Structure formats: structure tokens, C-alpha cells
Amino acid sequence: MRGKNAFWDGWIHALAVKYRRVITFAGVGVLNTLVDFLAFTLAVNLLGAGVEVCQTIGYFAGIINSFFFNRQFTFKKGATTRLGAQVMRFIVVNGVTYLVSIWLIRLLNIDWRVNVYVSKLLVTVVVMVVNYIGYKIFVFGVEDKPEK
């Protein structure tokens, strides 16, 4: 039985090492999503504003959190761009994904009448995928080097 556990422990460890950046991004993404969803929910319930305004409030709360945590933990190793360029590029990537998120949440919730929270969840998944690619390649200019 020890050999089997050692196999699985080694296999899981190898996967964790190989996909460390994606796993870290996912962890930061969970935190960002919680911040975003909390701000979104507060805006829906306290402001009673339209879904686009609530999406804006939640989205910007999440991306402020995202920049600091992704810069510090996810993309610090291997980053090739300077802080000023990172900030400007981060704004560009998030500007694009923000516009996509507004369009998608409006399409899902208003046009197709999908529940507001289901719409928010679906939009969040799309934005996370686009952001990972944009952050890695464009914002932080990460060059992955093989682990030794």
C-alpha cells in the first residue's frame, strides 16, 4: 500500500509543479471572484442599480485585488516587463475583458433572461480564461523555462 501512495503522491506533486502557475492563478482567481461577487451582491442589494452598474462595481473591486495578488504570487517568477508597463497592459487587458463581461452579462441576464447569479458565474469563467492568457503573455511577459 505504501508504494501506491508514493506513486499517487509523486504524481500529484509532479502535476502541481508542472501547473504551479495555473494553480496559483486559480487560487488568486477564487479570491478575486469572492471580492467581485461580494461587491456585485452588495451593489445589487444596497444600490438597486442596473446589472451593468453592479457588474462594473464588482469587476473593478476584483481587478484591483487581481493585480496585486497576481503580480506578487502568480507571475512574479519569469516576468519580463517592468511595473509601469505591467500596470498599463493590465488596464488594457481588463478594459477589454470588462467590455466583454458587460456585453455577456447583459446578453445572458437581460436578453436571454438567465438568472443574474448564473449569468455572473458564466461571465466570470470566460473572463478568467481570457485574463490568464492576457496576463501571462501580454501584461507580465512571462517566459516559462523548463524546471530543473
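Right above here is the structure, for reference.
Presented here is a report on the structure given in the accompanying data block. (Residues numbered from 1 in each chain as written. Predicted model: local features only at pLDDT ≥ 70, side-chain atom pairs only at ≥ 80, totals over all residues. Heavy atoms only, no water.)

**Let's talk about the packing of helix α4 (residues 83-111) against helix α5 (residues 116-139)**
In helix packing, the relevant descriptors are the interaxial angle and the interaxial distance, both defined with respect to the helix axes. As a packed pair, α4 and α5 sit with axes 9 Å apart at the nearest point and diverge in direction by 155°. For the element pair α4 / α5, the angle class is roughly antiparallel. α4 and α5 meet at a crossing whose hand is right-handed. Residues that form the contact of α4 with α5 fall into these classes: 15 nonpolar, eight polar and two charged. (Axes fitted to C-alpha atoms, helices over the stretch in contact; angles between N-to-C directions. Helix = DSSP H or I, 4+ residues; strand = E, 2+ residues; numbered from the N terminus. Parallel < 35°, antiparallel > 145°, perpendicular 65-115°, else oblique. Left-handed = near helix turned anticlockwise from the far one by under 90°. Nonpolar A, V, L, I, M, F, W, Y, C, P; charged D, E, K, R; others polar.)

**What about the nonpolar core?**
Counting 23 residues, the largest nonpolar core has Phe75, Phe90, Val123, Tyr135, Val139 and Phe140 as its most contacted members. Per-element accounting of this core gives the leading share, seven residues, to α4. If we skip the residues at most four places from it in the chain, phenylalanine 90 touches Ile63, Ser66, Phe67, Tyr135 and Val139. (Core = buried A, V, L, I, M, F, W, Y, C linked by side-chain atoms within 4.5 Å. Buried < 20%, exposed > 50% of the residue type's maximum accessible area, 1.4 Å probe, protein only. Contact = heavy atoms within 4.5 Å.)

**Some words on the environment of threonine 97**
One can find threonine 97 in helix α4. Distance from threonine 97 to glycine 134, taken between C-alpha atoms, is 9.7 Å for residues 37 residues apart in sequence. Excluding residues that lie within four positions of it along the chain, threonine 97 makes contacts with Tyr59, Val127, Val130 and Asn131.

**Considerations on the packing of aromatic side chains**
One pass over the structure, following the stated rule, counts 18 aromatic pairs. With a centroid separation of 6.3 Å and an interplanar angle of 25°, the aromatic rings of phenylalanine 67 and phenylalanine 140 are classed as stacked. Remark: phenylalanine 140 occurs in the segment after α5 and phenylalanine 67 occurs in helix α3 (residues 51-74); sequence separation between them is 73 residues. Taken as a pair, phenylalanine 67 and phenylalanine 140 share a single burial class, namely buried. Arranged with centres 6.4 Å apart and planes meeting at 85°, the rings of tyrosine 135 and phenylalanine 140 form a pair that is edge-to-face. Taking relative accessible area as the criterion, tyrosine 135 reaches 1% and is therefore assigned buried. On the accessibility criterion, phenylalanine 140 (0% relative accessible area) is buried. The ring of phenylalanine 138 has arginine 89 lying over it, and the distance from NZ or CZ to the ring centre is 5.1 Å. Over the ring of phenylalanine 40 we find lysine 120, and its NZ or CZ is 5.1 Å from the ring centre. (Phe/Tyr/Trp six-rings, centres within 6.5 Å; stacked < 30°, edge-to-face > 60°. Lys NZ or Arg CZ within 6 Å of the ring centre and 35° of its normal.)

**A closer look at the environment of isoleucine 137**
Mapped onto the secondary structure, isoleucine 137 falls in helix α5. Each C-alpha atom, one on isoleucine 137 and one on phenylalanine 69, is 17 Å from the other, the two residues being 68 residues apart in sequence.

**Points about the pattern of salt bridges**
In this structure the tally under the stated criterion is two salt bridges. In this structure, aspartate 36 and lysine 120 form a salt bridge, with 2.6 Å as the shortest nitrogen-oxygen distance. Here aspartate 36 is found in helix α2 (residues 20-47), whereas its partner lysine 120 is found in helix α5, with 84 residues between them in sequence. Like lysine 120, aspartate 36 is buried. Of the charged contacts, one joins glutamate 52 and arginine 106 as a salt bridge, the two residues approaching to 2.2 Å between their closest N and O atoms. Taken together, the positions of glutamate 52 in helix α3 and arginine 106 in helix α4 put the pair 54 residues apart, joining distant regions of the chain. Judged by relative accessible area, which is 38%, arginine 106 ranks as partly exposed. (Salt bridge = Lys/Arg side-chain N within 4 Å of Asp/Glu carboxyl O.)

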